[in-house]
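# Fold and contact review
Next come the chains, spelled out residue by residue.
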Amino acid sequence: MTYEEFVKKGTTFYMDMVRLIDIKLNNRMEMTSEEKEINGYILQFQEQTKINELRDKFQKCLELEE
């Protein structure tokens, strides 16, 4: 699965995978290679979301100055 395929699966899939990874990490369970890949996609998605939020805040600040 690619990152683009992961994102296209939707919110329900994303939240299910977040719960799965969280359970495995909290219980120190071994993750499969696919779960490790999905964990990387989750982190990438969260990072991209944060960048977008910061970009939006910056744009609002620029609009206030004008």
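Note: the structure precedes this text.
As a starting point, this report considers the structure included with it. (Residues numbered from 1 in each chain as written. Predicted model: local features only at pLDDT ≥ 70, side-chain atom pairs only at ≥ 80, totals over all residues. Heavy atoms only, no water.)

Attention now moves to the pattern of salt bridges. A full pass over the atoms with the stated rule returns 2 salt bridges. R19 serves as the salt-bridge partner of D16, at 2.7 Å between the closest nitrogen and oxygen. Within this pair, D16 and its partner R19 are both found in helix 2 (residues 11–26), separated by 3 residues, close to a single helical turn. A relative accessible area of 35% places D16 in the partly exposed class. For R19, a relative accessible area of 46% gives the class partly exposed. One salt bridge in this structure joins E35 and K24, with 3.0 Å as the shortest N-O distance. One end of the pair, E35, is in helix 3 (residues 33–65); the other, K24, is in helix 2, with 11 residues separating them in the sequence. (Salt bridge = Lys/Arg side-chain N within 4 Å of Asp/Glu carboxyl O. Helix = DSSP H or I, 4+ residues; strand = E, 2+ residues; numbered from the N terminus. Buried < 20%, exposed > 50% of the residue type's maximum accessible area, 1.4 Å probe, protein only.)

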